[in-house]
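Chain by chain, the residues run as shown.
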Amino acid sequence: MTDVKNNEFPFPSDGKRYYTWNRYLRDQFGCKVYKVALDAGFDCPNRDGTVAFGGCTFCSAAGSGDFAGDRVDPIPVQFEKIKEKMQHKWKDGKTMAYFQAYTNTHAPLPILKEKFEAALACEGVMGLSIATRPDCLPDDVVEYLAELNERTYLWIELGLQTVHERTANLINRAHDYATYIEGVEKLRKHNIRVCTHIINGLPLENYDMMMETAREVATLDVQAIKIHLLHLLKGTPLVKQYEKGMLQLMDKEAYIHLVADQLEVIPTEMIVQRITGDGPIDLMIGPMWSVNKWEVLNGIDAELERRESWQGKFYNAKEVKTL
């Protein structure tokens, strides 16, 4: 259990009770670092028939890249357009090229190299964050990622969403938990940083199941976590599951309490890259309260303060999970 005396939580530098992505990057680079989301034009093996069709049931037509650049534009053009928008919010700081849309290692290696190297050549880019699937990490790609990891700042983001196979089948994830662990192991053999995505509110999942996913992630050799709220978006297969009564949208208070509970059981050194999010407003069916992102963030802060709690307070170190 985390050794904290006199209620002095281990993240005083920014006043938060969890290890924020912003604090981690400022400590690493001495300034603000922000991601520039790109769409490299890739597909997903869960859409094109490589492993399945239709994609994950929650995923929009943009392949989770609703806020990324336009795939019609070359990578440097996308980068400059998105960076210009971001600079209205952050005038100073370093940038990380974020390959967000679809599955960003689902292509032949020469194409991957072309896209990633084009991003690294953009002015001001200090690293890459690449979102992909654990079943899209062939040896030649992993070797290239290992080489990238030696010469730039690299993160690989893997969507786990849940550790429960029944739920994985319901959302058409099209890989099992063992495949996820194998993917993490491939990357960690080369000291590549890994961020795990989980989603709260998936069909037929209850509180205990969502907590079990968080506890399992706490045992993995991953360096960061993104905690998402399930958004019901127009045009997704999830809408049919909602209409059949397989899905209940979470209310704000339940979500805030759940995330606080999940933070308490993950290790203090695990970076929390996200604890909420908002979907494209024109596609949103719900939960609509999530659009007020700062209210959710402030609610989580207030709940941890009310409890006099913090990330890792109830974490019990276990052996890192491998196959």
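Every value quoted in this text rests on a predicted model; they were computed, and no experiment measured them.

The rules behind these values
- Residues numbered from 1 in each chain as written.
- Predicted model: local features only at pLDDT ≥ 70, side-chain atom pairs only at ≥ 80, totals over all residues.
- Heavy atoms only, no water.
- Axes fitted to C-alpha atoms, helices over the stretch in contact; angles between N-to-C directions.
- Helix = DSSP H or I, 4+ residues; strand = E, 2+ residues; numbered from the N terminus.
- Parallel < 35°, antiparallel > 145°, perpendicular 65-115°, else oblique.
- Left-handed = near helix turned anticlockwise from the far one by under 90°.
- Contact = heavy atoms within 4.5 Å.
- Nonpolar A, V, L, I, M, F, W, Y, C, P; charged D, E, K, R; others polar.
- Expected span 1.5 Å × (residues − 1).
- Buried < 20%, exposed > 50% of the residue type's maximum accessible area, 1.4 Å probe, protein only.
- Salt bridge = Lys/Arg side-chain N within 4 Å of Asp/Glu carboxyl O.
- Core = buried A, V, L, I, M, F, W, Y, C linked by side-chain atoms within 4.5 Å.
- Pairing = 2+ DSSP bridges.
- Phe/Tyr/Trp six-rings, centres within 6.5 Å; stacked < 30°, edge-to-face > 60°.
- Lys NZ or Arg CZ within 6 Å of the ring centre and 35° of its normal.

Points about the packing of helix α9 (residues 252–264) against helix α10 (residues 293–307)
Helix-helix packing: each pair is described by the crossing angle between the helix axes and the interaxial distance. Put simply, α9 and α10 touch, their axes get as near as 9 Å, and they point 55 degrees apart. In terms of orientation, α9 and α10 fall into the oblique class. In this structure, the crossing between α9 and α10 has a hand that is right-handed. Contacts between α9 and α10 involve K252, Y255, I256, H257, V259, A260, D261, L263 and E264 on the former and, on the latter, E295, V296, G299, I300, E303, L304, R306 and R307. Of the residues that constitute the contact of α9 with α10, the class distribution is 8 nonpolar, 2 polar and 7 charged.

Here we look at α10
With 15 residues, α10 should reach 21 Å at 1.5 Å per residue; the first-to-last C-alpha distance of 22 Å fits that figure. Of the residues making up α10, those classed as buried are V296, L297, G299, I300, D301, E303 and L304. The secondary structure elements touched by the buried residues of α10 are α9.

Thoughts on unusual backbone geometry
A cis amide bond links G286 to the next residue, P287, at an omega of -5 degrees. One can find P287 in the loop between β9 (284–286) and α10.

Quick look at the pattern of salt bridges
If you walk through the whole model with that rule in mind, you get 16 salt bridges. Between R188 and D221 there is a salt bridge whose closest N-O contact spans 3.1 Å. Here R188 is found in helix α6 (residues 177–188), whereas its partner D221 is found in the loop between α7 (207–219) and β6 (224–229), with 33 residues between them in sequence. The class for D221 is partly exposed, based on a relative accessible area of 29%.

Here we look at the nonpolar core
The biggest cluster of nonpolar side chains holds 67 residues, and the ones touching the most others in it are F99, L128, L145, L263 and I275. Counting residues per element, this core draws most heavily on α9, at 6 residues. Excluding anything up to four places from it in sequence, L145 contacts I130, L137, L154, I156, L187 and I192. Ranked by size, the runner-up nonpolar core spans 12 residues in total, among them L25, M96, M126 and C195.

Quick notes on the packing of α7 against α9
It is the contact of α7 with α9, at a shortest axis distance of 9 Å, that shows an interaxial angle of 35 degrees. As for the relative orientation of α7 and α9, their crossing is right-handed in sense. On the side of α7, the interface is formed by Y207, M210, M211 and A214, while α9 contributes L258, D261 and Q262. For the contact of α7 with α9, the class distribution of residues is 5 nonpolar, 1 polar and 1 charged.

A few points about the sheet that holds β6
Read across the sheet, 7 strands follow the order β1-β2-β3-β4-β5-β6-β8 without closing on themselves; strand pairing throughout is parallel. With partners counted over all chains shown, the strands left at the sheet margins are β1 (33–38) and β8 (271–274), one partner each. Put simply, the sheet's adjacent strands are angled 25 degrees from each other on average, direction ignored. Here β6 runs beside β8; their pairing, made up of 3 bridges, is parallel. Bridging across to β8, A224 finds its partner in I271. Against the sheet, α7 engages β4 (153–161), β5 (193–200) and β6, with an angle of about 175 degrees to β5.

Notes on the pairing of β4
In terms of residue burial, β4 counts as a mostly covered element, since 9 of its 9 residues are buried. By the bridge criterion, 6 bridges tie β4 to β5 in an arrangement that is parallel. Directly across from Q161, in β5, lies its bridge partner I198.

Topic: the packing of aromatic side chains
Within this structure, the stated rule accounts for 8 aromatic pairs. For the pair W21 and W155, a centre-to-centre distance of 5.5 Å together with 85 degrees between the ring planes defines the contact as edge-to-face. With a gap of 134 residues between them, W21 in helix α1 (residues 21–29) and W155 in strand β4 connect regions that are remote in the sequence. Judged by its relative accessible area of 13%, W21 is buried. Among the aromatic residues, ring-to-ring pairing joins Y19, W21, Y24 and W155 into one connected group. A cation over an aromatic ring shows up here: K35 above the ring of Y98, its NZ or CZ 4.3 Å from the ring centre. We note K313 situated over the ring of W310; from NZ or CZ to the ring centre the distance is 4.9 Å.

The values reported here are purely geometric and, on their own, carry no functional implication.
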